[in-house]
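Tertiary structure, described
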Amino acid sequence: MTDTCKIEISGLRKSFGSLPVLRDINLRVETGSVVALIGPSGSGKSTLLRCINLLVIPEGGRIRVGGDAFSFDGDAKLSSAREQARFRSNTGMVFQHFNLFPHMTVVQNVMEGPISVKGMPKAEAEARARKLLAKVGLNDKGDVFPSKLSGGQKQRVAIARALAMEPAVMLFDEVTSALDPELVGEVLGVMRDLAADGMTMIIVTHEMGFAREVADRVVFMRDGIIVEEGPAREVIETPKEETTRVFLSHFHNRG
Amino acid sequence: MISYTWHFDIVWQYSRLFLAGTGVTVGLTIAVVTLGLLVGLVAGLMQLARSPVLRWASWAYIEMFRLTPLLVLLLWFYYALPMLTGIKIDALTASIITLSLYGGSFYAEVIRGGIVSIEPGQSEAGLALGMTPARVMRRIVLPQAVKRMIPPLMNQSIIQFKNTSLVSVLAVPDLLYQGQVVAMDTYRALEVYTVIAAIYFVVLLPLTVIVKMAERRLAQSN
Ligand SMILES: Nc1ncnc2c1ncn2[C@@H]1O[C@H](COP(=O)(O)OP(=O)(O)O)[C@@H](O)[C@H]1O
Ligand SMILES: [Mg+2]
């Protein structure tokens, strides 16, 4: 079972104050598969992703990524900062607003994880970083600072930075939402290549065309619960639930 | 007063005393700025700690020193603290301790403010890579925050330079204390205190220009 299922989430719960944001989330992601997480704003998609790499600590449930599991039931949730860091190093995360380190050059951004977390020698980390920058189409941008890049380029650097840790899974949180429309394609292209390479990914997105084409499965969330889940084409083209249909109709109307 | 004849030549005969006093003032400032920054860094980081005890302790320290007049603190550390502890300290030590703790309470606020001004996404990106919170602070947050802190920290240090003049009440031989000696010797208070004011001004003028330049460069880079 561990072999075919890379991410396993069961009974996950989280509230902010009195507001329940995740209520009993159960989700399995097969190794090498891509899950698109869709749903209206405020439905808890970001919180779910952030729970998967412990940027938000859940109140209950279990999370397994690869061979690494955390349980948040009872008093098991008090894990040390060091254990959490080790767990996070195995999951790559890409944010809507890039969050590149502005005081480092592009290549230093990509080297930071391997050097700082894995203690990799500088030369080796730089070689790896330059290879990854070439992979995302930015081999000529290594020595500039992030402020000199376009949004699409910044996001590709952010993807390379996450990949440098050789994570078991990649989590993407609306990574094209802050981009000018003409720059969306270059970022989606990189993600498409990653999917083709067999990377296990969870992608929060409003790009329904991309989700249908690249994702294996689509998960529709609303108000902290998973309303509907199934093969990507099926959920997007012929949703079973009324709320899914209403949500998707906004996209069809927009064209 | 109306037809006063200035006699700076008399003051000039004491130039070695002024020089020695300036040396003590500059040396004292360097010491209390360095120690104050260390204290301020610790107190500023404690303000951001998860433990409420640490946060409360640093808050109590910061407010206690910020809200007490420096002259009162100096007298307390020199005269009252030895009575409390039974350990006699000399005037210079008392001055260094007091000024460092006093400056540290202001530095702490600047340092805390600089750290929280860095957007949370920066820390999150570092944590997401698998860095520990301490490493995120050292590698990601502090290098960016320090850039923003430098102008206000320099301003605070300029104030500290002037604050050191208060140690003359404990007979630490700084610039002002030496001036008082000269003034009593020569009965030339007007010349002496004018020269002293000019020396403080001349030392601080280039520093304020540097701060202005640093502020402008920071505004451009943002
Ligand atoms: N740190 C937080 N503190 C308080 N409320 C939060 C926090 N993060 C998210 N929320 C709330 O949780 C709900 C779900 O947010 P989020 O997971 O960001 O949804 P989505 O990504 O689907 O738009 C929203 O109502 C949001 O306001
Ligand atoms: Mg979101």
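Before reading on, note that the structure itself is shown above.
My aim in this report is to walk through the structure given alongside it, one point at a time.

About the criteria used
Residues numbered from 1 in each chain as written. Chains lettered and ligands numbered in written order. Predicted model: local features only at pLDDT ≥ 70, side-chain atom pairs only at ≥ 80, totals over all residues. Heavy atoms only, no water. Helix = DSSP H or I, 4+ residues; strand = E, 2+ residues; numbered from the N terminus. Rg over C-alpha atoms; globule rule 2.2 N^0.38 Å. Buried < 20%, exposed > 50% of the residue type's maximum accessible area, 1.4 Å probe, protein only. Contact = heavy atoms within 4.5 Å. Near = heavy atom within 4 Å. Polar contact = N/O pair within 3.5 Å; in protein donor to acceptor, adjacent residues only side chain to side chain. Areas by Shrake-Rupley, 256 points an atom, 1.4 Å probe, with all protein chains shown as cover. Nonpolar A, V, L, I, M, F, W, Y, C, P; charged D, E, K, R; others polar. Expected span 1.5 Å × (residues − 1). Bend = angle between axes of the 7 residues up to and from the residue. Pairing = 2+ DSSP bridges. Axes fitted to C-alpha atoms, helices over the stretch in contact; angles between N-to-C directions. Salt bridge = Lys/Arg side-chain N within 4 Å of Asp/Glu carboxyl O.

With that settled, consider the overall build of chain A. Counting its secondary structure elements, chain A contains 9 helices and 10 strands. Taken against the 2.2 N^0.38 rule, which gives 18 Å for 255 residues, the C-alpha radius of gyration of chain A at 18 Å falls within 12% of a compact globule. For the C-alpha atoms alone, the extent of chain A along its principal axes is close to 50 × 50 × 35 Å. Counting across all 255 residues of chain A, residues that qualify as buried make up 54%. Contacts in chain A between residues at least 24 apart in sequence constitute 64% of all its contacts with a sequence separation of at least 6.

On to the site of ligand 1, then. Residue and element names in this part refer to chain A. All residues in the neighbourhood of ligand 1 are listed as F16, L19, V21, P40, S41, G42, S43, G44, K45, S46 and T47. A distance of 2.7 Å is found between an oxygen atom of ligand 1 and a backbone nitrogen or oxygen belonging to G42. Here S43 contributes a backbone N or O atom positioned 3.2 Å from an oxygen atom of ligand 1. Contact with the protein chains covers 57% of the free accessible surface of ligand 1, which is 560 Å². Among the secondary structure elements, those contributing two or more residues to the shell around ligand 1 are β2 (19–30) and α1 (45–52). Broken down by element, the residue count for the shell around ligand 1 peaks at 3 residues, all from α1. Within the shell around ligand 1, the residues separate by chemical class into 4 nonpolar, 6 polar and 1 charged.

For the rest of this paragraph, the subject is the environment of S79(A). Residues and elements named next belong to chain A. Within the element layout of this structure, S79 appears in the loop between β5 (68–71) and α2 (81–88). S79 sits in the buried class, given a relative accessible area of 15%. A sequence separation of 164 residues divides S79 from T243, and the C-alpha atoms of the two residues are 38 Å apart. Leave out the neighbours within four places in its chain, and S79 touches F70 and Q84.

Attention now moves to helix α5 (residues 91–116) of chain B. Residue and element names in this part refer to chain B. Taking 1.5 Å per residue, 26 residues should reach 38 Å; α5 reaches 38 Å between its end C-alpha atoms and fits that length. A bend of about 25 degrees at S105 is the largest found in α5. Capping the start of α5, D90 holds a side-chain oxygen 3.0 Å from the backbone nitrogen of L92, two or three residues further along.

Moving on, we come to the sheet that holds β2(A). All names here are of chain A. One open sheet accounts for 4 strands, arranged β2-β1-β4-β5; its pairing is antiparallel. In this open sheet, the two edge strands, each paired with only one partner strand, are β2 and β5. Pairwise comparison of adjacent strand axes, ignoring direction, gives a mean angle of 10 degrees for this sheet. The strands touched by α1 are β1 (5–16), β2 and β4 (60–65); relative to β1, the strand with the most contacts, the crossing angle is about 120 degrees. α2 contacts β4 and β5 of the sheet and is inclined by roughly 135 degrees relative to β5.

Close approach of charged atoms lets side chains of opposite charge pair. Counted by the stated rule, this structure contains 21 salt bridges over all chains. The salt bridge involving K135(A) is made with D197(A); its shortest N-O contact spans 2.7 Å. Placement of K135(A) in helix α4 (residues 122–135) and of D197(A) in the loop between α6 (181–196) and β8 (200–204) is noted, with a sequence separation of 62 residues between them. The exposure class assigned to D197(A) is exposed, which follows from its relative accessible area of 52%. The partner of K212(B) in a salt bridge is E215(B), and the shortest N-O contact between them spans 3.8 Å. Of the two residues, K212(B) and E215(B) both sit in helix α9 (residues 189–221), 3 residues apart, roughly one turn of that helix. Since its relative accessible area comes to 31%, E215(B) is described here as partly exposed. Residues joined in a network through salt bridges with shared partners are E8(A), R28(A) and R64(A).

So far we have only geometry, and geometry alone does not tell us how the molecule works.
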